Amino acid sequence: MDTLRLALQQQPQGHLCVAYSGGPDSTALLHALSQMPEAQARELRALHIDHGLHDLSDAWAIHCKQLAQEWGVWCLVLRVEVDHARGYGLEAAARDARYRAFAASLRKGERLLLAHHRDDQAETVLLKLLRGAGPEGLGGMRVTRRLGEGLLWRPLLDTPRELLRQYVEEHELPCIDDPSNQDARLARNFLRHEILPRLTQHWPQAVDSIVHSASLNRSATEALERQWRSAQAQLLDTATGSLDASGWLALSPALRHPLLDDWLHARGLSAPTTAQREQIERQCSARDGQLPCIRWAGAEVHVWKGRLWALPPQPSIDPHWHSAWQGEPLALPDGGSLRLDPPGQLAEPLAIRLRQGGEQLRPAGDAHTRELRDLFQQSAMPPWRRAACPLLYAGDELIGVGDRWLTARGVALFGEMRPLWQPAY
């Protein structure tokens with residue numbers, strides 16, 4: 001395809017990877033690239049995601065590997081687990097799993113090519129409109145964006161679906177027919193098969209108009225982005241990753257909303273719905289002592305000490321968890337770890353427990369025994385870390401708390417070494 005060849009010439013050098021589902025669009029894209037020496041010279045490869053949602057998914061994976069091999073392209077198949085029991089719909093859960101696999105598989109600087117086309121763009125804009133999106137969402141899919149260590153690239157975003165289907169027919173390319181693409185219970189399929197055909201009956205230029213509107217919104221979004229990125233630089237504490245709550249709230253919605261979404265995405269977290277965003281805004285003025293937490297599928301935002309803190313959903317922690325420890329790397333129940341620095345072995349094993357409440361210790365060099373609760377508060381340890389903070393016991397005596405405090409006995413037991421606690425978040 002001339003369009004694809006021109007797009008390839010305009011991209012800097014770097015490895016290429018095609019997201020190859022086996023459907024008509026990605027089949028056309030991979031085949032066309034495989035015929036271009038300039039693409040093969042960039043170590044062209046393919047990546048097939050097996051969602052495991054259909055009885056034929058194994059056969060589809062074999063089909064993709066074999067066909068890619070015929071075209072001189074190595075194809076990696078990745079099986080993913082689709083978790084749609086946490087508030088996601090099946091469609092969104094499959095997409096989440098797919099993009100996580102994409103991000104994890106890309107090499108540094110590699111471009112992942114997706115076969116999204118002009119009709120896909122129109123469907124995306126309509127979906128965003130129906131979900132109440134602002135300029136960013138109504139700008140549709142970006143041609144390029146960062147993904148993992150590489151870059152996501154949609155070189156066919158201005159190409160009509162019909163041209164890709166013609167290419168498949170002309171070259172007699174075998175394609176996978178996934179029956180889920182006809183399931184009108186899925187939002188995108190309903191728009192594709194029921195709504196857009198009716199729109200184009202009355203407005204033949206509907207797709208062109210929607211895509212043109214997306215282009216205008218994208219231009220507006222880029223102008224706004226320069227402003228909110230400047231604000232973000234002022235509001236973000238790079239050491240903690242937290243965001244000044246009152247400063248964020250003082251921004252206009254046109255700047256406040258995309259700034260929040262970008263802040264979350266940079267941490268690998270999903271953006272909130274309108275209702276959840278409004279809840280965050282209401283909680284920004286919470287009084288001292290209150291610890292608001294706004295949760296949704298895939299993320300949670302805490303308001304603490306006048307700042308916003310973003311985390312993945314926190315696991316439930318058994319407060320009675322305990323373990324023996326003599327200095328080896330120890331996995332903690334929140335996903336964090338405890339080890340010795342420098343590595344070594346303690347003369348006698350310690351017991352590692354979690355906070356139950358009421359613990360006290362006298363830090364080395366301190367004249368007073370202190371409540372652990374007071375030490376946590378004075379040291380500004382975030383509340384979500386306290387439940388999984390490892391407490392170090394010699395017998396029944398508390399001699400250390402994470403890597404924050406050791407008693408005189410603790411200092412003597414550790415000698416030249418020190419405990420090093422790495423919280424999960």
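Criteria and cut-off values
- Residues numbered from 1 in each chain as written.
- Predicted model: local features only at pLDDT ≥ 70, side-chain atom pairs only at ≥ 80, totals over all residues.
- Heavy atoms only, no water.
- 1 Å grid on protein atoms, 1.4 Å probe; cavity = no way out; pocket = protein on both sides within 12 Å on 5 of 7 lines; lining within 4 Å.
- Points joined across faces, edges and corners; volume = space filled by probe spheres on them.
- Helix = DSSP H or I, 4+ residues; strand = E, 2+ residues; numbered from the N terminus.
- Nonpolar A, V, L, I, M, F, W, Y, C, P; charged D, E, K, R; others polar.
- UniProt positions renumbered as here; feature names shortened; annotations may be inferred.
- Pairing = 2+ DSSP bridges.
- Phe/Tyr/Trp six-rings, centres within 6.5 Å; stacked < 30°, edge-to-face > 60°.
- Buried < 20%, exposed > 50% of the residue type's maximum accessible area, 1.4 Å probe, protein only.
- Lys NZ or Arg CZ within 6 Å of the ring centre and 35° of its normal.

Caption draft 1: Layout of the layout of surface pockets. Counted as a void, the second largest pocket has a volume near 360 Å³. As for the second largest pocket, its lining consists of 21 residues, of which M141, R142, V143, L157 and D158 are closest to the centre. Tallying contributions element by element places helix α10 (residues 206-235) first for the lining of the second largest pocket, with 5 residues. Classifying every residue of the lining of the second largest pocket by side-chain character gives 8 nonpolar, 8 polar and 5 charged.

Caption draft 2: Inspection of the UniProt feature "domain: Lysidine-tRNA(Ile) synthetase C-terminal" (unreviewed entry) in the protein at higher detail. The sites that UniProt annotates as "domain: Lysidine-tRNA(Ile) synthetase C-terminal" (unreviewed entry) are residues 350-421. The annotated region residues 350-421 carries 25% helix and 32% strand content, and the separation between its end C-alpha atoms amounts to 15 Å.

Caption draft 3: Up close: the sheet that holds strand β11 (residues 307-311). Ordered in space as β7-β8-β11-β10-β9, the 5 strands form an open sheet in which the pairing is antiparallel. Every interior strand has two partners, whereas the edge strands, β7 (236-237) and β9 (293-296), have only one. Sheet topology places strand β10 (residues 299-304) next to β11; 5 bridges connect them, and they run antiparallel. Pairing of H302 across the sheet is with W309, part of β11.

Caption draft 4: Expanded view of the packing of aromatic side chains. Here the structure, examined in full by the defined rule, presents 7 aromatic pairs. When the ring of Y20 is compared with that of W71, the centres are 6.5 Å apart and the planes differ by 40°; the resulting orientation is tilted. On the criterion of sequence distance, the pair formed by Y20 in the loop between β1 (16-19) and α2 (24-34) and W71 in the loop between α4 (57-70) and β3 (74-79) is long-range, its members being 51 residues apart. Ring centres of W325 and F414 lie 6.4 Å apart, and the angle between their planes is 45°; on these two criteria the pair is classed as tilted. Here the residue W325 occupies a position in strand β12 (residues 322-325), and F414 occupies one in helix α16 (residues 408-414), the gap between them amounting to 89 residues. Judged by its relative accessible area of 0%, W325 falls in the buried class. On the basis of relative accessible area, F414 is assigned to the buried category, the value being 2%. An aromatic cluster is present here, built from W304, W309 and W384 joined pairwise through their rings. Sitting over the ring of Y99, R95 keeps its end group 4.2 Å from the ring centre. Geometry around Y393 places R353 over its ring, the cationic atom sitting 4.3 Å from the centre.

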